[in-house]
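Structural overview for review
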Amino acid sequence: MKKIFTLLLLMLSLVTAQATPLNFPNPDRGNDERLKVQAIEQTRELAIKLGLNEADYIRVKNIIFQKLIAIQEVQDTYAKNPELQKKKMQVILEDYNQQLAGALSAKQHKMYLAIASVN
């Protein structure tokens, strides 16, 4: 009888463990959501100005999101060292421009450079 009860209890705990996923709180989840929204907004603006198709839109959105994450990390990490923060930001923007150049057609990249120089 004890074996049956133990077996049922074990099976019940196994089923319960499988049914409920582990939800660990993520303190940066709200920040990630905010960055995703910013990436979408910036990508929409570029999509209108550059005439991006759906595949280009997705690539550009991912590139912008990665840029925003990197900028946030640099701002948090080097908040007390503005000189180093500025250098790191410049590296991030150069990398962003290179990735964007690879994702866009030559015509779209020229249009982007014209838009970026105005801003």
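Our structure's up above, just so we're on the same page.
Everything in this summary refers to the structure shown in the same document. The shown structure was predicted, so the numbers you read here are calculated from the model rather than taken from an experiment.

This part is about the pattern of salt bridges. Enumeration over the complete set of coordinates arrives at three salt bridges. K36 is paired through a salt bridge with E33; the nearest N and O atoms lie 4.0 Å apart. Residue K36 and its partner E33 are both found in helix α2 (residues 29-50); the two are separated by three residues, about one turn of the helix. Its relative accessible area of 38% is what places K36 among the partly exposed residues. The closest approach of N and O atoms between R59 and D56, which form a salt bridge, is 2.4 Å.

Further remarks concern the side chain of Q108. Checked against the element boundaries, Q108 lands in helix α5 (residues 106-118). At 3.4 Å, the side chain of Q108 and the backbone oxygen of G51 are in polar contact. Once you skip the residues sitting within four places of it in the chain, Q108 turns out to touch L50, G51, L52 and D56.

Calculation notes
- Residues numbered from 1 in each chain as written.
- Predicted model: local features only at pLDDT ≥ 70, side-chain atom pairs only at ≥ 80, totals over all residues.
- Heavy atoms only, no water.
- Salt bridge = Lys/Arg side-chain N within 4 Å of Asp/Glu carboxyl O.
- Helix = DSSP H or I, 4+ residues; strand = E, 2+ residues; numbered from the N terminus.
- Buried < 20%, exposed > 50% of the residue type's maximum accessible area, 1.4 Å probe, protein only.
- Polar contact = N/O pair within 3.5 Å; in protein donor to acceptor, adjacent residues only side chain to side chain.
- Contact = heavy atoms within 4.5 Å.

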